[in-house]
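Observations on the three-dimensional arrangement
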Number of protein chains: 2
Amino acid sequence: MTSASEDTIASRISRILADRIVTGQLDPGTKLRQDHIAEEFGTSHVPVREAFRRLEAQGLAVSEPRRGVRVASFDLKEVREVAQMRAALEVLALRHAAPHLTPAILDQAEEATVAGDNSHDVRSWEEANRRFHTLILTPCGMPRLLAAISDLHAASARFLFASWRSEWEVRTDHDHRAILTFLRQGNIENAAPVLERHVQWIGQKPVRNASGATRDAFAIVG
Amino acid sequence: MTSASEDTIASRISRILADRIVTGQLDPGTKLRQDHIAEEFGTSHVPVREAFRRLEAQGLAVSEPRRGVRVASFDLKEVREVAQMRAALEVLALRHAAPHLTPAILDQAEEATVAGDNSHDVRSWEEANRRFHTLILTPCGMPRLLAAISDLHAASARFLFASWRSEWEVRTDHDHRAILTFLRQGNIENAAPVLERHVQWIGQKPVRNASGATRDAFAIVG
DNA sequence: CTTCGAGAAATTATAGATAATTATTATTTT
DNA sequence: AAAATAATAATTATCTATAATTTCTCGAAG
């Protein structure tokens, strides 16, 4: 992140709040009080309200008129929904990106995969995973599609951080490697289905509740 | 549209501006001046700015910090992009909606198709066409997906109105009928590919320029 | 006749203030 | 003691005002 005195206060606030929501620093249902946030950022609440509108559009916050803004809740149903939307859109993007993928890009994507495999915490794994997907999809040159995918990635990351906040077990991403191998061969017809399956792989993990009981936590781990 | 004194001024302004942009009352590139709009609606510019943020998220306006907001431009490339995104997402929605489609819903969808075939102007055709798609997709019960599709429909409508503003030739929608026939048989595997092709059918029409020359106008007509 | 630049006007972005609505607490009544 | 109601506090949504930035206009120089 740059110093960002270029863009507006509103966009800065929305970026920072989005990050807090995604990383789980702000729990679902938490009230976002404009005056408090305005005070924290040393501004008036006008740019804060503009930031709220953006968070709303991204699906990270929900607003009830005259009753304020809250951090959006989510459930297993929405995790599945986001996974399926990602599958549909990422496959589309990959088909258009494939002809423009260079060996240099694929090398960077391989580096990102290695970085992910070596990650010992969720946050760095997520960052590497997102870098992989972004690298192989960006060359599609479809800005609207990429923006939609980016919002879905944010949602995915949120599900992930909500479940795997602390523990993380190292694992090798065979899907990423298979995708890269096919792409190096220029074989999109095989790469696409792997990606489609990959992003719909929903991880499941028992999580200890506050009351001691265990429930299952779910997240997209692709 | 209801009287809508329930929701905020900002959402009312964004709805009305969105409609103007979609219907082509506001041309691409037109500056949206917050004080003028505020005066028109008898409000201050604070809710106007919030409305701008929503239009931006919908892809109907673009904002340059400290330089104002303009109606978003678009070209053939973006028409294609929106068509392909719609194809991917509507097929996904249809697959989940299909098990919940009732004969009553399919009858309503058929009515919408007939209404479209009998339309003598673009606006009523677009309304009927959107109703058809909404009817067969809504039962998927995936709110995030439906919201994304709705935004893409708005973009499609904009392309359409920009090209076919005045003239409109009556035609029979064979695709819609084929889709309905398959859905009545519970045959999703055949319905989905028809829909996928259908929404990517990009109409083309010669349009007389201001300088007398003719150029080709493009729009999604599915 | 064109190009550059200074000053003026318009416009955006933010701050501070006000009215209206909702949530909370205290109090009264049953 | 519990429930209902009134008073109070907190919060949202909006408006008016101010500062900062950009665009426009017009004149002077090349």
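These numbers were taken from a predicted model, which means no experiment stands behind them. (Residues numbered from 1 in each chain as written. Chains lettered and ligands numbered in written order. Predicted model: local features only at pLDDT ≥ 70, side-chain atom pairs only at ≥ 80, totals over all residues.)

Section: the nonpolar core
- Of all hydrophobic cores here, the largest spans 120 residues; its most connected members are L89 and A93 of chain A together with L89 and A93 of chain B.
- Setting aside residues up to four positions removed in sequence, L89 of chain A forms contacts with L145, A148 and I149 of chain A together with M85 and A88 of chain B. (Core = buried A, V, L, I, M, F, W, Y, C linked by C-beta atoms within 7 Å. Buried ≥ 20, exposed ≤ 12 C-beta atoms within 10 Å, placed from the backbone. Contact = placed C-beta atoms within 7 Å.)

Looking at the protein's contact with DNA strand C
- Near DNA strand C, the surroundings consist of 17 residues, among which I9, T43 and S44 of chain A together with Q34 and G68 of chain B are the closest.
- Secondary structure elements with two or more residues in the surface near DNA strand C: α1 (9-23) and α3 (45-57) of chain A together with α2 (34-41) and α3 (45-57) of chain B.
- The class makeup of the residues in the surface near DNA strand C is six nonpolar, five polar and six charged. (Near = placed C-beta within 6 Å. Helix = DSSP H or I, 4+ residues; strand = E, 2+ residues; numbered from the N terminus. Nonpolar A, V, L, I, M, F, W, Y, C, P; charged D, E, K, R; others polar.)

Points about the sheet that holds strand β2 (residues 61-64) of chain A
Residues and elements named next belong to chain A.
- Here three strands make up an open sheet; going across it, the order is β1-β3-β2 and the pairing antiparallel. Pairing within the sheet leaves two strands with one partner each, and these edge strands are β1 (31-32) and β2.
- When β2 meets strand β3 (residues 68-71), the two strands line up antiparallel, connected through four bridges. When the sheet's bridge partners are listed, V62 is paired in β3 with R70. (Pairing = 2+ DSSP bridges.)

Quick notes on the relation of the copies chain A and chain B
- For these two chains of identical sequence, chain A goes onto chain B by a turn of 180 degrees and a shift of 0.0 Å along the axis, with RMSD 0.1 Å. Expressed as an axis order, the relation between the two copies is that of a two-fold axis. (Least-squares fit on C-alpha atoms with pLDDT ≥ 70 in both.)

Considering the sheet that holds strand β3 (residues 68-71) of chain B
Residues and elements named next belong to chain B.
- Taken together, the three strands give an open sheet; going across it, the order is β1-β3-β2, and neighbouring strands pair in antiparallel fashion. Each edge of the open sheet carries a strand with a single partner, namely β1 (31-32) and β2 (61-64).
- The sheet contact formed by β1 and β3 spans two bridges and is antiparallel. For K31, the partnering residue across the bridge sits in β3 and is R70.

Some details on unusual backbone geometry
Residues and elements named next belong to chain A.
- The phi torsion at R66 lies on the positive side, around 65 degrees, for a residue other than glycine.
- With respect to the helices and strands, R66 occurs in the loop between β2 and β3.
- A residue is classified by how many C-beta atoms lie within 10 Å of it, and R66, with 8 of them, is exposed.

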